[in-house]
Amino acid sequence: MARIRHLRPGFVPAELMHASGKSILIAGTCAAEPAVAKVLTSREAFWREKFAREVAAYLAFAHSAPPVRVPRLIAADAEQGVLLLERLPGQRLSPDRYPPLPLAGQDVTPAVDALGALAQWTPAPGAFAQGWNYEHRLDRYLGYGLIQESDHHALTHLLQEAGSARCFAHGDPLPGNILLDHRRVGLLDWEFAGYYLRHLDWALLWVLLHATPAARTLIEERVAAGGPAHQAAFSVNRAMLLTRELRSHQELPAAPWQQARLAALTRDWDALRADWRLDPSARTP
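Residues numbered from 1 in each chain as written. Predicted model: local features only at pLDDT ≥ 70, side-chain atom pairs only at ≥ 80, totals over all residues. Heavy atoms only, no water.

J.: How do you make sense of the sheet that holds strand E8 (residues 178-181) when you look at a structure like this?
T.: Note: strands within a sheet are paired through backbone hydrogen bonds, in either parallel or antiparallel orientation. Pairing is antiparallel in the open sheet, where 3 strands are placed in the order E6-E8-E9. Two strands bound the open sheet, and with one partner strand each, they are strand E6 (91-92) and strand E9 (184-187). Note: E6 against E8, 2 bridges, orientation antiparallel. Bridged to arginine 92 within E8 is leucine 179. (Pairing = 2+ DSSP bridges. Helix = DSSP H or I, 4+ residues; strand = E, 2+ residues; numbered from the N terminus.)

This is the structure we're talking about:
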């Protein structure tokens, strides 16, 4: 609170919304308007850099608004790790990273539409950096033993098919980062925003909504409409994300929910590897 009030003495706290190993969120008011204060608690260089990137994102949005609703920046101090934002109205798409039950189509479709519109947006030059270096990421995963030589070969081929096009993406559209207010979509937590292969945001939503087959079908249909290069990019992004999720879940303590989620991720990974798009040798001329 001392750090927040140093930035904005008039901030009045109301509730602790969330606390993690990297930051805390405190809801309250600023000049009688709903506000949220985000305070960085981690000293790790990785999260300090991500926090600075999120501050930079909100500064960029103040000059060039994206096609989705974002919180208005009230004040920020990247060095002190404090970010004060407007509190948007609405309900999260789901409080769970992996929603255990199917989500309603009336909620999923606006979220998919919003992420699609965001991918078509062009921010001001220099406002955002490249997200992933896909080639280096593939090499790293191979070195860790997370993928096999055959996977590396197939994904390298798909990278070539996907082409050099990079699109703006939120980078981390977890269900908890998507707000719905009467079908109006707002997005939170922009620390991973940047340029990626096409359809990164859709790929992450596809991975997380395994309990909502209709959402996956909708996303797959949207991607297919773009043609082979779009499908190749979508496959590469899913492979990257599934590998990341598998690794993180393998490192968690054994528990029934962890085992069930690991099994679901493994099924998705095995299905993706068996798909012809991940096996160039299986293509018909």
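J.: Explanation requested: the sheet that holds strand E5 (residues 82-86) in the structure shown.
T.: An order of E1-E2-E3-E5-E4 is seen for the 5 strands of this open sheet, with the pairing classed as antiparallel. Across the chains shown, the open sheet's two edge strands, defined by having one partner strand only, are strand E1 (12-19) and strand E4 (73-77). This sheet shows a mean twist of 20° between the axes of neighbouring strands, independent of strand direction. Bridge count between E1 and strand E2 (residues 23-30): 6 bridges; the pairing is antiparallel. Pairing of valine 12 across the sheet is with threonine 29, part of E2. Each of strand E3 (33-40), E4 and E5 touches helix H2 (residues 45-63); the most contacted strand, E5, lies at about 35° to it. (Axes fitted to C-alpha atoms, helices over the stretch in contact; angles between N-to-C directions. Contact = heavy atoms within 4.5 Å.)

J.: Explanation requested: the layout of surface pockets in the structure shown.
T.: Empty pockets left among the atoms are what a rolling probe the size of a water molecule brings to light. Volume-wise, the largest pocket comes out at about 1,400 Å³. Every residue lining the largest pocket is counted, 48 residues in all, and those nearest its centre are His18, Leu174, Gly176, Asn177 and Asp189. Of all the secondary structure elements, the ones that give two or more residues to the lining of the largest pocket are E1, E2, E3, H2, E5, E6, helix H6 (200-208) and helix H8 (228-250). Tallying contributions element by element places H2 first for the lining of the largest pocket, with 6 residues. Class assignment of the residues belonging to the lining of the largest pocket gives a composition of 20 nonpolar, 12 polar and 16 charged. Here the second largest pocket is characterised by a volume of approximately 220 Å³. Taken together, 17 residues make up the lining of the second largest pocket; nearest its centre are Gly116, Ala119, Gln120, Arg198 and His199. Counting only elements with at least two residues in the lining of the second largest pocket, the list comes to helix H3 (105-119), strand E7 (167-169) and H6. Of the residues assigned to the lining of the second largest pocket, the class counts are 9 nonpolar, 5 polar and 3 charged. (1 Å grid on protein atoms, 1.4 Å probe; cavity = no way out; pocket = protein on both sides within 12 Å on 5 of 7 lines; lining within 4 Å. Points joined across faces, edges and corners; volume = space filled by probe spheres on them. Nonpolar A, V, L, I, M, F, W, Y, C, P; charged D, E, K, R; others polar.)

J.: Just checking my understanding: could you explain the nonpolar core for this structure?
T.: Here is a general trend for soluble globular proteins: nonpolar side chains tend to be buried in one another's company. Core analysis: the biggest nonpolar cluster contains 70 residues, and Tyr134, Trp190 and Met240 have the highest contact counts within it. Counting residues per element, this core draws most heavily on H8, at 9 residues. Once you skip the residues sitting within four places of it in the chain, tyrosine 134 turns out to touch Leu159, Arg166, Tyr196, Leu197, Leu200, Val236, Asn237 and Met240. With 11 residues, the next largest nonpolar core counts Ile4, Cys30, Val39 and Ala75 among its residues. (Core = buried A, V, L, I, M, F, W, Y, C linked by side-chain atoms within 4.5 Å. Buried < 20%, exposed > 50% of the residue type's maximum accessible area, 1.4 Å probe, protein only.)

J.: What should I look at first to understand empty space enclosed by the protein in this one?
T.: The tally for this structure, following the rule as stated, stands at 2 cavities of 30 Å³ or more. The space that makes up the largest cavity amounts to roughly 40 Å³. Lining the largest cavity are Arg69, Leu88, Pro89, Leu179, Leu180, Asp181, Arg184, Val185 and Gly186. Broken down by secondary-structure element, the contributors of at least two residues to the lining of the largest cavity are E8 and E9.

By themselves these figures say nothing about function.
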